[in-house]
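Single-letter residue listing:
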Amino acid sequence: MTEAGPGGAASASLWERDAELAVVTDAIDALRDDSSPTEMGSLLMFGGEAGIGKTALLAETRRIAERRGCTVWSARGGETVTSVPFNVVRQLLQPALVSLMPEEAREYLGDWYEVAGPALGITDPGERQADPQGVCDGLVAVVSRLAKREWPLVLLIDDAHWADQETLHWLAAFCERLDELRVLVVVARRPSEVSGESERHLETIAAAARLPLTTLTALTPDAAAGLTRATVGAHADAPFCREVWAVTGGNPYETVELLAKVQDSQLEPVESSAAELRGLNRSARGHGLVARLEGLGIEATRFAWAAAILGTGITVDLVARLATMRPAEAVRCAELLSAARILTEPDAANRQADGGELEFVHPLIASAVYRSIPDGLRTAMHGIAAQVVTDSGLGAAAASRHLLEVHPDDDEELVEQMREAAREHLAVGAPEAARRCLERALLEPPLPEVHPHVLYELGCATLLTSPSTTIEYLQAALAMPGLEGDDRVSAVYRLSQALLHNDQLDEAIRTVDEEAARLEPGPARMRLQAAHYMWEGIHAAEEDSPARSRELAELAATCTGRDNSERALLILRGFDAMTHGESAEEVVELCDRALVNGRLAPGLGWTDSAWGIELLLMLGSAYAYTDRLDRAESLFTEALRAYETAGWSGGHLSLAHAYVGLAHRRRGRLRDAEASLRESLRLAERVGRGLPLYWSSTCGLVDTLLARGHVEEAWSIAERYGFAPPYPSTIVLPDTRSVRGRLLIAVGRTKEGVNELEAAEKACAGRGRNPVLAPWAGDLARALVSDDPRRAAELAATARQQAELLGTDTAIGEALRVAAALETGQRSVALHAQAVTYLESSPCAYEHAAARVEYGIAAKSVAELNRGLTLARSCGADGLAARAQEVLDHGRGLR
């Protein structure tokens, strides 16, 4: 049994915690063991009801760790400050942040300084809206770097159930990286105190622990008796000790507080006094605590109320201003409340990032005091607190926590404050906090001329997190008078994006069409017309494709590329022409006209919000499938660099990696393609399965693994990530059915593979005839050559015609490879030779290598096989290289 001396409140809460302390000690010793060859952190999570001793256990963890030479950082969630984004992680990192000069912090944190710095409050945010996932990744990187600098490092987080959602998001991601870092994370939380996203994050955190959550239990009667005698004297008799346990239920905090009251009242610890314990216990909590507070006087009560309203950053000066009392009186009240064990000075080693001079002795006290404030007065005090915080220069975001509690009252100034707070929250990567502010602004309500703009801002804030909510707000904004000009067009465009992401494609197209019909000819109308064709263009099940292509061609023919609306239409026309297998030269000419001096026009960059990522991916894809891989690769690499620099590490970065992988795959750099696509898939997993970006990653990776000859691994990826019908409603590159059919044939499920390729044929009937984009015809011809040679020949001839129309070396060379595979003898050799001639001029090295190997086999040429083998190895095409080597090793008939 862990025992404590009389009066040792902190130690008293550790009675019967030997098992838990042993686990903590072992974890700290393991952390400090530098003889281990690998870095490996750990997580401990403790749970239990209020007052059960979680805080005391964390305090003892700090003492043990510091005695063993560890650096310890700690933080605590708060019931009244859960809406403050990054509150807890800022507390946690404060010791490190204050030890670094601004220049040192910038140098030490590198590229992550601009991404995570605003969330931590060490630098101003940039002009762009921060990506929440990017900020989370930045915080993970920052803490990882600091952990290596401060090793051995222990992180303590108390009351995690009251941590802000942004901190929990970071902590969940950080705990998944613990295998790479020597950090001990200790988390304490109450059960059943959270729901929604916070609960999901806490479950992820708990899953990272090597030991299951430890639930702290109440003191046994024997422990309560030992604690009683250690506190009030060994002469405390057994009936008195049993009553102490009975009235507190063995709750350590209540037991300590009750025994303190026994000492204060000089109650004799004997059976005859036991009846008074229940009354004393009531004064230590709930209404009894409130009565005890009121007994200290009205000024002390006002001071305590003001401190509870502030919740964090409690200073005597701020409390005095909020409670409207003189500084000297405020100091006296602080001393009085400290003596009454209601407020205390924070431990110097655990002082919070907000610079607070005071904190409540226990969260139970803070909650009881806050709830004791009369409702009307509490609301009014929050309003005053908002003004005090604003006057102190802490900003609109800091004041918004208090304004959220104020009753609506047609206050124009409050609406503007909440809009400004929302902008501050978005700038640091906290869209949920921004949403709360704007929704509160709507309740005021805003003036009629302001109302639609608030709804528009709210729709923009929720675009990435809740498409259905975005739709509701933007539709409401557009239904009101007041949203005109560019703002209205942007709102319509964003609404169509949200409808698309919500799988309401027809409604998205109808929305832009109706608004375009209202507008006079010009850039605004053309922007919405471009959106119409863009959403239709990425729809995999598009109908009436020839008619749509004619309309788009007629509209693009009027465009010279003088503004971004015209440039968008040129890109869309180029992409459409590419998918339909029209002349590659015309496709490239259209795409080139959409550029300015060979580069993306201002306002049409990867991080610009006016058009979104889809348009630029279409541009790069049009180049990729018309043999202009240098331009495609340059665009996709630029996207990757732009998103990494901006700290966007969610869906945008996943797509950038996927399309960089696509460029590598087309180039024949299969190892690089695989690495990019695996990183894309890793990022896509965090965003969520089933989205088009997820399919792009999976399909590209399966296609690349097949090209490498890693068939079993390709099948494993397909099985693990659900690469099978039903397919998404939007286009995926490369073509999903073509890749799936080739995979099935490669694993020996030929009949299923043929069915899949025939399904690809039907799906492409109205959309596209580009034989490189959707190479189903060649694979189907090879699969049918034995059972249905006539059909195979027809397919090969059709592929040749389509390739000639497209006119690229890759398309023609690939069509010749298919034709050669269906022939024998000198006819086959001649076709293989022609395929090599075209493909050696193609930028696609893998296809060239395959043609060389096949030509070498058909012609029985050692020289050609060796050339093919060298190319295959340089591409990373292991299966193709093995095939060439096997033929060379046998050597029969070779010359």
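Residues numbered from 1 in each chain as written. Predicted model: local features only at pLDDT ≥ 70, side-chain atom pairs only at ≥ 80, totals over all residues. Heavy atoms only, no water.

**Observations regarding the sheet that holds strand S2 (residues 71-76)**
The criterion, for reference: Any two strands with at least two DSSP-identified bridges between them are counted as paired. Helix and strand definitions here come from DSSP, where helices need a minimum of 4 consecutive H or I residues and strands a minimum of 2 consecutive E residues; each element is numbered from the N-terminal end. The criterion used for residue contact is that any of the two residues' heavy atoms lie within 4.5 Å. All axes here are fitted lines through C-alpha atoms, helices being fitted over the stretch that makes contact, and every angle between N-to-C directions spans 0 to 180 degrees.
The 5 strands are arranged S2-S3-S4-S1-S5 in an open sheet whose pairing can be described as parallel. Here the strands that pair on one side only, and so sit at the sheet edges, are S2 and strand S5 (214-215). Where helix H2 (residues 18-32) meets the sheet, its contacts fall on strand S1 (42-47), strand S3 (153-158), strand S4 (183-189) and S5, and the angle it forms with S1 comes to roughly 165°.

**Observations concerning a negative patch on the surface**
For clarity, the threshold we go by: Patches draw on residues past 30% relative accessible area with no salt bridge. Two like charges within 9 Å are joined, as are two nonpolar side chains (Val, Leu, Ile, Met, Phe, Trp, Tyr) within 5 Å. Surface exposure here means Shrake-Rupley accessible area, sampled with a 1.4 Å probe, where a residue is shielded only by the protein chains that are shown. Here, a salt bridge means any Lys or Arg side-chain nitrogen found within 4 Å of an Asp or Glu carboxyl oxygen. Counted charges follow a simple rule, with Lys and Arg positive, Asp and Glu negative, and His plus the chain ends left uncounted. We put the charge of a Lys on NZ, of an Arg on CZ, of an Asp on CG and of a Glu on CD. Accessibility here uses a 1.4 Å probe with only protein chains present; expressed as a share of the type maximum, an area under 20% marks a residue as buried, one over 50% as exposed, and anything in between as partly exposed.
Among the surface-exposed residues, Asp409, Asp410, Asp411, Glu412, Glu413 and Glu449 lie close enough to one another that they form a single negatively charged patch. Position of Asp409 among the secondary structure elements: in the loop between helix H20 (396-403) and helix H21 (412-427). Residue class for Asp409 comes out exposed when judged on its relative accessible area of 59%.

**Considering helix H40 (residues 789-806)**
Condition: Expected helix span is given by 1.5 Å per residue-to-residue step, counting one fewer step than there are residues. The directions considered for the arc run from the helix axis to the C-beta atoms.
With 18 residues, H40 should cover 26 Å at 1.5 Å per step; its first-to-last C-alpha distance of 26 Å lies within 8% of that length. Looking only at H40, the buried set comprises Ala792, Leu795, Ala796, Ala799, Gln802, Ala803 and Leu806. Seen from one end, H40 has its buried residues packed into an arc of 125°, which puts them on one side. Exposed and oriented more than 90 degrees from the buried face of H40 are Arg790 and Gln801.

**Some remarks on the packing of helix H39 (residues 776-784) against helix H41 (residues 809-822)**
As a reminder of what qualifies: Note on angle classes: values under 35 degrees are labelled roughly parallel, values over 145 roughly antiparallel, values of 65 to 115 roughly perpendicular, and the remainder oblique.
Packing of H39 against H41 brings their axes to within 10 Å, and their N-to-C directions diverge by 5°. Judged by the angle between their axes, H39 and H41 are roughly parallel. Only Arg817, Val818, Ala821 and Leu822 of H41 make contact with H39, whose side of the interface consists of Gly778, Ala781 and Arg782.

**Focus: the nonpolar core**
A general trend in soluble globular proteins is that nonpolar side chains are found buried together. For clarity, the threshold we go by: In these notes, a set of buried Ala, Val, Leu, Ile, Met, Phe, Trp, Tyr and Cys residues joined through side-chain atoms within 4.5 Å is what counts as a nonpolar core.
Membership of the largest hydrophobic core comes to 139 residues, with the highest contact counts inside it found for Trp535, Trp606 and Val702. Among the elements that make up this core, the one with the highest residue count is helix H31 (residues 613-624) (9 residues). Not counting chain neighbours up to four residues away, the residues in contact with Val702 comprise Ala714, Ile717, Ala718, Phe723, Val739 and Leu743. Among the nonpolar cores identified, the runner-up in size contains 51 residues, and Ala119, Val143, Ala172 and Val194 belong to it.

**A word on the confidence of the model for the protein**
To keep things clear, this is the line we draw: pLDDT expresses how confident the predictor is about each individual residue, on a scale running from 0 to 100.
A residue-level look at the protein finds 95% of positions with pLDDT of 70 or above and a mean pLDDT of 89. Note on residues 1-10: pLDDT under 50 across the span, and 23 contacts to partners over four residues away in sequence or across chains. Every residue in residues 350-354 is under pLDDT 50, and counting partners more than four places away or in other chains gives 16 contacts.

**Overview of unusual backbone geometry**
At the junction of Glu444 and Pro445, the peptide bond is cis and its omega measures out at -10° in the coordinates. Relative to the helices and strands, Pro445 is located in the loop between helix H22 (431-443) and helix H23 (451-461). Residues Leu733 and Pro734 are joined by a peptide bond in cis, for which omega reads -5°. Turning to its location among the elements, Pro734 is positioned in the loop between helix H36 (711-720) and helix H37 (736-746). In this model, Thr324 sits at a positive phi of 50°, which is unusual for a non-glycine residue. Summarising the element assignment, Thr324 is placed in the loop between helix H16 (316-322) and helix H17 (327-339). The backbone of Arg341 shows a phi angle near 60°, a positive value even though the residue is not glycine. Taking the relative accessible area as the measure of exposure, Arg341 reaches 24% and is therefore partly exposed.

**A look at the pattern of salt bridges**
All told, the structure shown has 58 salt bridges when counted by the stated rule. A salt bridge links Glu847 to Arg666; the nearest nitrogen and oxygen atoms lie 3.8 Å apart. A residue pair is termed long-range when its members are at least 10 positions apart, and Glu847 in helix H43 (residues 845-859) and Arg666 in helix H33 (residues 651-667) qualify at 181 residues. Salt-bridge contacts for Glu854 lead to Arg817; the nearest nitrogen and oxygen are separated by 2.7 Å. Here Glu854 is found in helix H43, whereas its partner Arg817 is found in helix H41, with 37 residues between them in sequence.

**A word on H43**
Spanning 15 residues, H43 covers 21 Å between terminal C-alpha atoms, matching the ideal 21 Å at 1.5 Å per step. Most of H43 is tucked away: 12 of the 15 residues are buried. All of the buried residues in H43 are Tyr846, Glu847, His848, Ala849, Ala850, Ala851, Arg852, Val853, Glu854, Tyr855, Gly856 and Ala859. Phi turns positive, to about 55°, at Lys860, one or two residues after H43.

**A closer look at the side chain of Arg666**
Given the relative accessible area of 7%, Arg666 is considered buried. Not counting chain neighbours up to four residues away, the residues in contact with Arg666 comprise Ala624, Tyr625, Leu629, Val772, Thr810, Pro843, Cys844, Ala845 and Glu847.

**Structural notes on the packing of aromatic side chains**
We count it as follows: Classification of ring pairs rests on two measures: the distance between centres of Phe, Tyr or Trp rings, Trp counted by its six-membered ring, which must be within 6.5 Å, and the angle between planes, read as stacked under 30 degrees, edge-to-face over 60 and tilted in between.
Taken as a whole, this structure holds 9 aromatic pairs when the rule is applied. An angle of 25° between the planes, with centres 5.4 Å apart, marks the rings of Trp170 and Phe174 as stacked. Taken together, the residues Trp170 and Phe174, both in helix H8 (residues 165-175) and 4 residues apart, mark about one turn of the helix. Residue Trp170 is classed as buried on the basis of its relative accessible area of 0%.

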